[in-house]
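# Observations on the model geometry
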Amino acid sequence: MKLNTKLSTLCIAATLMSVAQAAAAAPAVTAPAEATQPSVASPAASAPAQVPAPAASASATTPAPAQAPSAPASSTPAATAGSAKAATPVAPSAPAQRPSTPVAPAAAPTVPSTVKPSKPQQPSTAAPAAAATNVKPTQLDKLNHESAVPLVLEAQSRYQYAISGGSPVGKSFQLNGKSYRYLSEDIGTKTKLVSYLTQAYTKQASEQFVGKFFVEVNGRLAQLNADGGNLLEFNRATAKMVTMTPVKRSYLLTVPYPAETKQANEKITVNFEKVGSYWKISSAPHVIF
């Protein structure tokens, strides 16, 4: 029994010595590698709990506290690395939106590009038509072979209204054995009639016509009690310019008769003159019609 007790004591002592030697040898092995120090420091910390107070264990435990801060230090880069990795996914999200921004502008130009050509074409076709309908023959500032005919038609209308006595025609009376009638109130004086005619004719052409076909009785204009006119269809006339100056022009009108009459077209020369800003007919009405 005594031998067994001694042997067990020796074994325990040998075990304690081996543990102490291992603890003493541990710092020398783990010092170069910082990454493996936390795993070695844990047995060194448990050794003092089992060994009463070996001198070598003090040296073994001393490096252990110095190695403990290294563990948080290694965890700090890990955290920063994690934060860097967390930041990197944000970068793809921004480029992911970039393709969407070019697509929107790319679609936007295509819509105006198809609409814009059509919009300028619609006014361009409508503008000439609107200009043609809005220009009054009595306010014609540009004269050509097309605009000359509407002015002639306006002049014909005013000529026929005047030569027929206006509307309504005034009372009839006898003068020098002939039947006369007064003109209607709106053109019943020389001033009114000349003002009415000069919307399409020059003043000289208007006064020439009034002096030839009308008489003044008691301050009122009168004419022979008769109607005038012809069968020429001026609405189907065509005009060709003969002479041209900045303020005077002449056009040769080709005026047809009604088809049933089977008569040849008439050739009539009409003179124009620019009065102020507008063109007027300088030929007397009775010379044309």
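Look above for the structure.
In this report, the structure presented in the accompanying data block is examined. Model, not experiment: these values are computed from the prediction. (Residues numbered from 1 in each chain as written. Predicted model: local features only at pLDDT ≥ 70, side-chain atom pairs only at ≥ 80, totals over all residues. Heavy atoms only, no water.)

## Description of the pairing of strand β4 (residues 220-224)
Formally: Whether two strands pair depends on DSSP finding at least two bridges between them. Numbering goes from the N terminus for both helices and strands, where a helix is a DSSP run of H or I of at least four residues and a strand is a run of E of at least two.
Both strand β2 (residues 178-182) and β4 contribute to a ladder of 3 bridges, which runs antiparallel. If you follow Y182 over to β4, its bridge partner there is A222. Sheet topology note: the strand β3 (residues 215-217)/β4 ladder contains 3 bridges and is antiparallel. Note that in β4 the partner of V215 across the bridge is A222.

## As for helix α9 (residues 203-213)
Stated formally: Note on classification: 1.4 Å probe, protein chains only; a residue is buried when its accessible area is under 20% of the maximum for its type, exposed when over 50%, partly exposed between these limits. The directions considered for the arc are those from the helix axis to the C-beta atoms. Contacts are residue-level and defined by heavy atoms, with any inter-residue pair within 4.5 Å sufficient.
Inspection of α9 places A205, S206, F209 and V210 among the buried residues, and these make up the whole buried set. Across the axial projection of α9, the buried residues extend over an arc of 130°, all falling on one side. Structural note: α9 exposes K203, Q204, G211 and K212 on the side pointing more than 90 degrees away from its buried face. Contacts from the buried residues of α9 go to α7 (148-163), α8 (190-197), β4, β8 (278-281) and α10 (285-288).

## A look at the sheet that holds β8
Threshold: Axis definition: a line fitted to C-alpha atoms, over the contacting stretch in the case of helices. Angles run 0 to 180 degrees between N-to-C directions.
Read across the open sheet, the 4 strands follow the order β5-β6-β7-β8; overall the sheet is antiparallel. Two strands lie at the open edges of the sheet, namely β5 (238-244) and β8, each paired on one side alone. Taking the axes of each pair of neighbouring strands and ignoring which way they run, one obtains an average angle of 30° across the sheet. Two strands pair when backbone bridges link them, and strand β6 (residues 248-255) and strand β7 (residues 266-275) are joined in this way by 8 bridges, in the antiparallel orientation. In the strand pairing of β7, S250 is matched with N271. Sheet strands touched by α7: β5, β6, β7 and β8. Its angle to β8, the strand with the most contacts, is close to 55°.

## Section: the pairing of β2
The side chains of a regular strand alternate, first on one face of the sheet and then on the other. Sheet analysis places strand β1 (residues 172-175) next to β2, joined by 4 bridges and oriented antiparallel. Looking across to β2, one finds that L175 is bridged to K178. Between β1 and β2, which follow one another and run antiparallel, lie 2 residues, and N176 among them has a positive phi close to 55°.

## A word on the side chain of S250
If you trace the backbone, S250 turns up in strand β6. With relative accessibility at 13%, the residue S250 sits in the buried group. Among all residues touching S250, those that are not within four sequence positions of it are K240, M241, V242, T243, V270 and N271.

## A look at the packing of aromatic side chains
Inclusion rule: Note on aromatic contacts: the rings of Phe and Tyr and the six-membered ring of Trp form a pair at centre separations within 6.5 Å, being stacked when their planes are under 30 degrees apart, edge-to-face when over 60 apart, and tilted otherwise. Cation placement over rings: the criterion is NZ of Lys or CZ of Arg within 6 Å of the ring centroid and within 35° of the ring normal.
Taken as a whole and assessed by the stated rule, the structure comprises 9 aromatic pairs. Measuring from ring centre to ring centre gives 5.6 Å for Y161 and Y196, while their planes differ by 50°; the resulting arrangement is tilted. Taken together, the residues span a long stretch of sequence, with Y161 in helix α7 and Y196 in helix α8 at a distance of 35 residues. Judged by its relative accessible area of 21%, Y196 is partly exposed. Look at F173 and Y182: their rings are 4.6 Å apart centre to centre, the planes differ by 35°, and that puts the pair in the tilted class. Residue Y182 is classed as buried on the basis of its relative accessible area of 14%. Stacked on the ring of Y196, the Lys or Arg R158 has its end atom at 4.7 Å from the ring centre. Sitting over the face of the ring of Y182, R220 holds its NZ or CZ atom 4.5 Å from the ring centroid.

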